[in-house]
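# Inside the fold
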Amino acid sequence: MSDDVKLGGLAMHLAVLSLTAIGGGVVLVAPDVHHYVTVQNHWMTDQQFAAAYALAQAAPGPNLLFVTLIGWMLKGWLGAIVVTLAAILPSSCLVLALGAFINRHGGGEGRWAGALRDALAPLASGMLAGAAWTFLSVAGAGWRGIALALAAATAAYATKINPVWLIVLGAAAGAVGLV
């Protein structure tokens, strides 16, 4: 645990990010949290961040739990609790308010819901691409890893292949040293 970690600043940063996390927490939060804790504040190394992310993803539960692990690594249990609440509460309140608004003004298939879905889809796609680039960079994937990620994304988009098979193929490529 680090004494120079400003828990309030990290919590505020995550609270603001949670309000813009379109498409799920990991899509936007992971690249920015990586930058905030490794590049901007030097509280963790790239390897520590990648390990925390991988460990949190291996555990059952929401994908956003990686911020809980980062909070715990930086400030113990207090950090885990504060960071988790900061990442979850603002976006949860926004979604509840937005859901109530949409239901009041035409329901889930009304004009507002369709316009919101159409506006946010390209934004979510861009954020997902940014998250993928961050993790490929942190992992030192190189051109082979980037090519494999692009091939998997293309296959997931263009076919009906179960994504589990793409994960298995990626793991096999890593196991035999292709990536």
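Here is a short report on the structure shown in this document.

What counts as what
- Residues numbered from 1 in each chain as written.
- Predicted model: local features only at pLDDT ≥ 70, side-chain atom pairs only at ≥ 80, totals over all residues.
- Heavy atoms only, no water.
- Core = buried A, V, L, I, M, F, W, Y, C linked by side-chain atoms within 4.5 Å.
- Buried < 20%, exposed > 50% of the residue type's maximum accessible area, 1.4 Å probe, protein only.
- Helix = DSSP H or I, 4+ residues; strand = E, 2+ residues; numbered from the N terminus.
- Contact = heavy atoms within 4.5 Å.
- Axes fitted to C-alpha atoms, helices over the stretch in contact; angles between N-to-C directions.
- Left-handed = near helix turned anticlockwise from the far one by under 90°.
- Nonpolar A, V, L, I, M, F, W, Y, C, P; charged D, E, K, R; others polar.
- Expected span 1.5 Å × (residues − 1).
- Bend = angle between axes of the 7 residues up to and from the residue.

Attention now moves to the nonpolar core. Within the largest apolar cluster, 27 residues are counted, with the highest numbers of intra-cluster contacts made by Leu 14, Val 33, Val 37, Phe 66, Val 67 and Ile 70. Element by element, the count of residues in this core is highest for helix H4 (residues 66-104), at 8 residues. Apart from residues no more than four positions distant in its own chain, Leu 14 is found in contact with Val 29, Val 33, Val 67, Val 83, Ala 86 and Ala 87.

With that out of the way, let us pick up the packing of helix H1 (residues 7-18) against H4. Relative placement of two packed helices is described by the angle separating their axes and the distance separating the axes. With their axes 8 Å apart at the nearest point, H1 and H4 run at an angle of 35 degrees to one another. Of the two possible hands of crossing, H1 and H4 adopt the one that is right-handed. Each of Leu 7, Leu 10, Ala 11, Leu 14, Ala 15 and Ser 18 in H1 lies in contact with H4, whose residues at this interface are Val 67, Leu 74, Lys 75, Leu 78, Gly 79, Val 82, Val 83, Ala 86, Ala 87, Pro 90 and Ser 91. Residue composition of the contact of H1 with H4, by class: 13 nonpolar, 3 polar and 1 charged.

A few words on H4. Count 3.6 residues to each turn of an α-helix, and residues three or four apart come out pointing the same way. For H4, which comprises 39 residues, the first-to-last C-alpha distance of 35 Å sits more than 12% below the rise-based estimate of 57 Å (1.5 Å per residue). A bend of about 145 degrees at Lys 75 is the largest found in H4.

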